[in-house]
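Secondary and tertiary structure notes
What follows is the residue order along each chain.
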Amino acid sequence: MDYKMKEEIVKTVPQKGFFGHPKGLFTLFFTEFWERFSYYGMRAILIYYMYYAISDGGLGMDKTTAASVMAIYGSLVYMSGIIGGWIADRLLGTKKTVFFGGILIMGGHIALSFPGGVVALFLSMGLIVIGTGLLKPNVSSIVGDLYSDDDNRRDAGFSIFYMGINLGAFIAPFIVGTLGQKYNFHLGFGVAAIGMFLGLIIFLATRKNNLGLAGSHVPNPLSPDEKKRVYLGFIIVAIIIIILGAITINTGILTIDRFTMLVSIFGIVIPTAYFIVMYRSQKTTADERSNLIAYIPLFIASIMFWAIEEQGAIILAQYADQRTQLHFAGLKLESSWFQSLNPIFIVIFAPFFAWLWIRLGNRQPSTPAKFAFGLVLAGLSFIVMIFPAYLNGVNTLVSPIWLVLSFFIVVLGELCLSPVGLSATTKLAPAAFSAQTMSLWFLSNASAQAINAQLVKLYKPETEIIYFGVIGGISILLGLILFAMSPKIQSYMRGTR
């Protein structure tokens, strides 16, 4: 977006009205609050819905298959952000893209609100994957449009917005999880749909007065002829996918295992291709190529970290349901409630880490060193899960404190790595590929979950110690190697700290 257009948009938006910030932040805060409520509420009970017996209201899937499907679902959600960014940049602008994304997400939750078996499950996942890809990256982009480039409230605005994300994710498991597990899964999914509906209502009711022109500009619009070709292409591709899917599924060629393997392969191939294209591009300068070389170990570290962190909604969710004592301190806990630990720990400790880096100033660890700390902490979060099985065996229920400790440690790692990774991406990205490099950063999560689709198949109660020990040990080892390599990586950053 050119500077004049940005300034015009900012001037049309009221500059104060929501905690000293533009009123548009109110719209985006609550839109994302309810979107995350719906997404994390659905995710908190999804794996249970898949593997609970039909007599208990579930689909009766094998636990291993359910875990693999959860990982692929998460991977596709992050991959779809690339499509959402392209549609906003070339076709609709961010505001319209966010709205249509919310519609698809709500449709996905509605699909699961009624008994429909496996067909409804995959229809729901497809709608939510596409809808989240349209909404998630673009709603953040509109936040940036609310502020001029020299507005010193920008970072604080994103912090408030980030709070909305995590507060929605925090309360969702308590509401959707309780309704889903205690009463009926479809009731839980229905409440998730209502959450997204509320987000859309707030967006529609306030976008005109609060957002003004923010998000309405299409940065690089297609010509009318190009639009016709693109729309025709979308239709043709959709028809081909439907036909191929119908044929291969009915003939048994495309199974769940083969589909998860295919997505796992894409999760490695796509980011690799991104790096090659950017590195070999004539638009990439010598310094930028050096920065890309420095970025590769950080990207690999990010994959390792997210491979552990994202198992909180898969393996640790299964652990909470099958291996954890849910009657604790006079309370009856629901296993889905543990999904609230990650967001609430982020809300509590994110301000401390932000203060710490400012306090340390030039004495703070380098970017590679922070990534190394993140990897070590992620590994430790799995290592602590060895002790319950080592002390009491795998056939006894364990204290929920172990899960709380694991989630706590991995969040400390996330706060060392995730915000720092976003910042490093903006600094190390080649100028000609700045937006695509940010998409590449989010692909590290997609790649991690694509790998998890195969990795989680190895988890069983009898392999618990080996599973947590080996994965946690590899993460710690990579963290130590990255820490040792930090000075060398820093030298490739050509002065960027």
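Structure's up top.
This report concerns the structure included in the present document.

Criteria and cut-off values
- Residues numbered from 1 in each chain as written.
- Predicted model: local features only at pLDDT ≥ 70, side-chain atom pairs only at ≥ 80, totals over all residues.
- Heavy atoms only, no water.
- Core = buried A, V, L, I, M, F, W, Y, C linked by side-chain atoms within 4.5 Å.
- Buried < 20%, exposed > 50% of the residue type's maximum accessible area, 1.4 Å probe, protein only.
- Contact = heavy atoms within 4.5 Å.
- Salt bridge = Lys/Arg side-chain N within 4 Å of Asp/Glu carboxyl O.
- Helix = DSSP H or I, 4+ residues; strand = E, 2+ residues; numbered from the N terminus.
- Axes fitted to C-alpha atoms, helices over the stretch in contact; angles between N-to-C directions.
- Left-handed = near helix turned anticlockwise from the far one by under 90°.
- 1 Å grid on protein atoms, 1.4 Å probe; cavity = no way out; pocket = protein on both sides within 12 Å on 5 of 7 lines; lining within 4 Å.
- Points joined across faces, edges and corners; volume = space filled by probe spheres on them.
- Nonpolar A, V, L, I, M, F, W, Y, C, P; charged D, E, K, R; others polar.

1. Describing the nonpolar core
Ranked by size, the top nonpolar core spans 102 residues in total, and within it L46, I47, M50, Y73 and F468 carry the most contacts. Here M50 is in contact with L59, G60, M61, A66, V69, M70, L121 and M125, once residues within four sequence places are set aside. Grouped together as the second largest cluster of nonpolar side chains are 19 residues, V139, F161, M196 and A214 included.

2. Quick notes on the pattern of salt bridges
When charged atoms on two side chains of opposite charge get close, those side chains can pair. On inspection of all chains with the given rule, the structure shows 5 salt bridges. For the salt bridge of R323 with E464, the shortest nitrogen-to-oxygen distance reads 2.9 Å. Of this pair, R323 sits in the loop between α11 (315-322) and β1 (327-328) while E464 sits in helix α17 (residues 464-492); the two residues are 141 residues apart in sequence, bridging distant segments of the chain.

3. A few points about the packing of helix α3 (residues 63-92) against helix α9 (residues 256-280)
Packing of α3 against α9 leaves a shortest axis separation of 10 Å and a crossing angle of 35°. Along this stretch, α3 crosses α9, giving a crossing that reads as left-handed. Contacts between α3 and α9 involve T65, S68, V69, I72, S75, L76, M79 and I82 on the former and, on the latter, I256, F259, T260, V263, S264, F266, G267, I270 and Y274.

4. So, the layout of surface pockets
As a volume, the second largest pocket reaches approximately 2100 Å³. Forming the walls of the second largest pocket are 43 residues, and the residues nearest its centre are L76, G126, I130, I241 and F259. When residues in the lining of the second largest pocket are grouped by element, the largest group, 13 residues, is from α3. The residue inventory of the lining of the second largest pocket, partitioned by class, reads 34 nonpolar, 8 polar and 1 charged.

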